[in-house]
Amino acid sequence: MNSLKELYKTGFGPSSSHSMGPAFAAELFLKGCPAADRYVLELYGSLSATGKGHLTDLSVGKIFAGHPLQILWKKEELPGHPNGMIFRAFDNQGNQMDSWQVYSVGGGALRDQKGAVLLESEKPPILYSHSSMNKLLAYCEDRGMQFWEYVRQQEGEVLEDYLRKIWLTMEDAIQRGLDASGVLPGGLTVQRKASSLYRKSRMSGLHSRRTGLLSAYAHAVAEENAEGGLVVTAPTCGSAGVLPSVLHYLSELLKLKSHLVVQALETAGLVGNLIKHNASISGAEVGCQGEIGAACAMAAAAATFLYGGSNRQVEYAAEMGLEHFLGLTCDPVAGLVQIPCIERNAFASTRALSIADYVMLTDGGHRVSLDGVIHAMSETGHDLPSLYRETSLGGLAKELKDNEIHE
Ligand code: SF4
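Thresholds applied
- Residues numbered from 1 in each chain as written.
- Predicted model: local features only at pLDDT ≥ 70, side-chain atom pairs only at ≥ 80, totals over all residues.
- Heavy atoms only, no water.
- Axes fitted to C-alpha atoms, helices over the stretch in contact; angles between N-to-C directions.
- Helix = DSSP H or I, 4+ residues; strand = E, 2+ residues; numbered from the N terminus.
- Parallel < 35°, antiparallel > 145°, perpendicular 65-115°, else oblique.
- Left-handed = near helix turned anticlockwise from the far one by under 90°.
- Contact = heavy atoms within 4.5 Å.
- Nonpolar A, V, L, I, M, F, W, Y, C, P; charged D, E, K, R; others polar.
- Polar contact = N/O pair within 3.5 Å; in protein donor to acceptor, adjacent residues only side chain to side chain.
- Expected span 1.5 Å × (residues − 1).
- Buried < 20%, exposed > 50% of the residue type's maximum accessible area, 1.4 Å probe, protein only.
- Near = heavy atom within 4 Å.
- 1 Å grid on protein atoms, 1.4 Å probe; cavity = no way out; pocket = protein on both sides within 12 Å on 5 of 7 lines; lining within 4 Å.
- Points joined across faces, edges and corners; volume = space filled by probe spheres on them.
- Phe/Tyr/Trp six-rings, centres within 6.5 Å; stacked < 30°, edge-to-face > 60°.
- Pairing = 2+ DSSP bridges.
- Salt bridge = Lys/Arg side-chain N within 4 Å of Asp/Glu carboxyl O.

## Regarding the packing of helix α9 (residues 242–253) against helix α12 (residues 292–306)
Look at α9 against α12: their axes get within 8 Å of each other, and the N-to-C directions meet at 20°. Viewed along their axes, α9 and α12 adopt a mutual orientation that is roughly parallel. With respect to the hand of their crossing, α9 and α12 are arranged in right-handed fashion. On α12, the residues that touch Val 242, Leu 243, Val 246, Leu 247 and Leu 250 of α9 are Ile 292, Ala 295, Cys 296, Met 298, Ala 299, Ala 302, Ala 303 and Leu 306. In terms of residue class, the contact of α9 with α12 is made up of 13 nonpolar, no polar and no charged.

Here's what the structure looks like:
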C-alpha cells in the first residue's frame, strides 16, 4: 500500500477520476512535450460517457490553456481500465511527436503501462508492510499499537504536517459550502442546501440536530465539489463530504484538539488505503460502493476511534460501513456529480456515526472481516454491468428525461 498522501489529495472537483486525474495527466504530458503545434486527447469508456457532466474537458482545457487542443470522445473502453485516455502531440506537418496512454484509476491517481504514475511533487510511494486488515490487527495487538500509531511508524512524523493541511482544506470546504447559496451548474437546477440545513438544524431538537448538522456539513463539501471547488479526495471527490462532515461534527461536539483529528484521519486513511489497494475506489470500476461505501467505512472507523474504540471495534465499524453499501450503483443523472451523489454524502455521514454508536455497544466481535467485505465489494463491482458503473446509461441516470435538464 502507498502513502496516505496519495489517498488524501487536494484538488478541484467535481470528480477525482474524471476531472482531477485527467488534469494531472494533462499537466504531465504537457510538461514532457511542451512545444507541439497541436494536441489531441482521446477520452475512452466512462471518461467519454460522463466526461462532459464531470467537467473533464474544462479541467484538461485549463491545463492546455494557450495550446490548441482537440478532444475526441470515444465510446469504447481501452483494455486497462474504464477510464482510459490517450494524449497525442503533433508538429506543424501533422507528424505525431509523442503519445501517452494512461488511465485515471480513482481518487486522482494515474496508471500507465509501466504502473503507478506520480506527479513531481509526490515522493516515491511508501510501501506499507501489511496489506490486509487481519494481519494489521495481529501486528498492532502484539505491540499494543493503535492504527494511527502504525501509520505513523510506516510514514514517519512528516505525515502529521501534511494531514494538518488536509484538515484545514476540509474545514475550508465546509465553511465555503455553508456560506454559499444558489443553483449548481449543469442544468439540473439543483439548489444548494447546506446553508438552510445548517440553520434549521441549529433550531432542532437533539436527535434531528445531529442528522441535520451532519447532512449540512456533507452537503457543504459535496456542493462545493459539484461546483468545481477545492476539496480533498476522501477517498474521491464524489464522496469528499462524508469524512469531513463526521470529523467536523465530532470535533465541535467533543472539542477535539487537532492532533486527535489527525489521528482520526490516519485511522480512516488506513481503511481507505486497504480498500484502494485490495479492491478499488473508482466508481467506473466498481460502482458507488467503492466511493460512498469506502468513504462511509473510513468515517465510521474514524468516529469509532474518536469514541475511544479498540482496534477490533474500529475494524468492525469499517466493515459495516462498506458492507451495507455493497452493490451500490454509480448512475449520476446527466453525468453530473449531483444526483444522487450529494445526498449520498449526507446519508453516508449519518450512517457512519450510527455505525460507531452501534459498534461501541458491542465488544467488536463479528463474523465477516473487513478483508472479506473488501473482497466481496471487488467481486460485486466487477460483476456489475457497465450501465451501473459511471456511464450514466442505466438506473437513476435514465429517470430524468432530456427535456427536464436545462442546459
Ligand atoms: S454515484 Fe457515487 S460513484 Fe457515481 S459519481 Fe456519484 S458519488 Fe461518484
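Let us keep going from here.
## Observations regarding the environment of Tyr 103
Note that Tyr 103 resides in strand β5 (residues 96–106). When the C-alpha positions of Tyr 103 and Asn 83 are compared, they lie 5.6 Å apart, and in sequence the two are 20 residues distant. Contacts of Tyr 103, omitting those with residues within four sequence positions, involve Leu 78, Pro 79, Gly 80, His 81, Asn 83, Gly 84, Met 85, Ala 109, Leu 110 and Arg 111. Looking at Tyr 103, its side chain comes within polar contact range of the side chain of Gln 101, at 2.9 Å.

## Concerning helix α13 (residues 311–323)
A turn of α-helix holds 3.6 residues, and therefore any two residues three or four places apart point the same way. In this model α13 runs 18 Å from its N-terminal to its C-terminal C-alpha over 13 residues, within 8% of the 18 Å that 1.5 Å per residue would give. Within α13, 11 of the 13 residues are buried, which leaves it mostly tucked inside the rest of the structure. Among all positions in α13, only Asn 311, Gln 313, Val 314, Glu 315, Tyr 316, Ala 317, Ala 318, Glu 319, Met 320, Gly 321 and Leu 322 are buried. Looking at the buried residues of α13, the elements they touch are α4 (133–143), α5 (147–155), α10 (258–278), α12, α14 (341–360) and α15 (370–383).

## Concerning the site of the ligand
Every residue lining the ligand is accounted for by Gly 238, Cys 288, Glu 291, Cys 330, Cys 341, Arg 344 and Glu 390. Its residues assigned to classes, the shell around the ligand shows three nonpolar, one polar and three charged.

## Let's talk about empty space enclosed by the protein
Taken as a whole, this structure holds one cavity of 30 Å³ or more when the rule is applied. Put simply, the largest cavity is a space of about 170 Å³. Gly 238, Glu 291, Cys 330, Val 337 and Cys 341 are, among the 19 residues lining the largest cavity, the residues nearest its centre. Elements that contribute at least two residues to the lining of the largest cavity include exactly α1 (16–32) and α14. Among the residues forming the lining of the largest cavity, the class breakdown is nine nonpolar, six polar and four charged.

## A few points about the packing of aromatic side chains
Within the structure shown, the criterion is met by eight aromatic pairs. Ring geometry for Phe 29 and Phe 87: centres 5.3 Å apart, planes at 25°, overall stacked. Of the two residues, Phe 29 is situated in helix α1 and Phe 87 in strand β4 (residues 84–90); the sequence distance between them amounts to 58 residues. In this structure, Phe 29 and Phe 87 share a single accessibility class: buried. Arranged with centres 5.1 Å apart and planes meeting at 55°, the rings of Tyr 39 and Phe 64 form a pair that is tilted. Taken together, the residues Tyr 39 in strand β2 (residues 38–44) and Phe 64 in the loop between α3 (56–63) and β3 (69–74) connect sequence positions 25 residues apart. Neither Tyr 39 nor Phe 64 differs from the other in exposure class; each is buried.

## Considerations on the sheet that holds β5
Sheet architecture is open: six strands sit in the order β3-β2-β4-β5-β6-β7, paired in mixed fashion. This sheet does not close on itself; its edge strands, each paired only once, are β3 and β7 (115–117). Taken over all neighbouring pairs, the strand axes of this sheet differ in orientation by 30° on average, direction set aside. Judged from the three bridges that link them, strand β6 (residues 109–112) and β7 form a sheet pairing that is antiparallel. Directly across from Leu 110, in β7, lies its bridge partner Val 117. Strands β2, β4, β5, β6 and β7 of the sheet are contacted by α1, whose axis makes an angle of about 150° with β5.

## Comments concerning the pattern of salt bridges
With the rule as written, the count across this model stands at 11 salt bridges. The salt bridge involving Glu 224 is made with Arg 176; its shortest N-O contact spans 2.9 Å. Taken together, the residues Glu 224 in helix α8 (residues 206–226) and Arg 176 in helix α6 (residues 158–179) connect sequence positions 48 residues apart. The class of Arg 176 is partly exposed, set by a relative accessible area of 33%. Taking the shortest distance from any N to any O, the salt bridge between Glu 315 and Arg 312 comes out at 3.4 Å. Here Glu 315 and its partner Arg 312 are both found in helix α13, three residues apart, which amounts to about one turn of the helix. Under the relative-accessibility criterion, Glu 315 is labelled buried at 0%.

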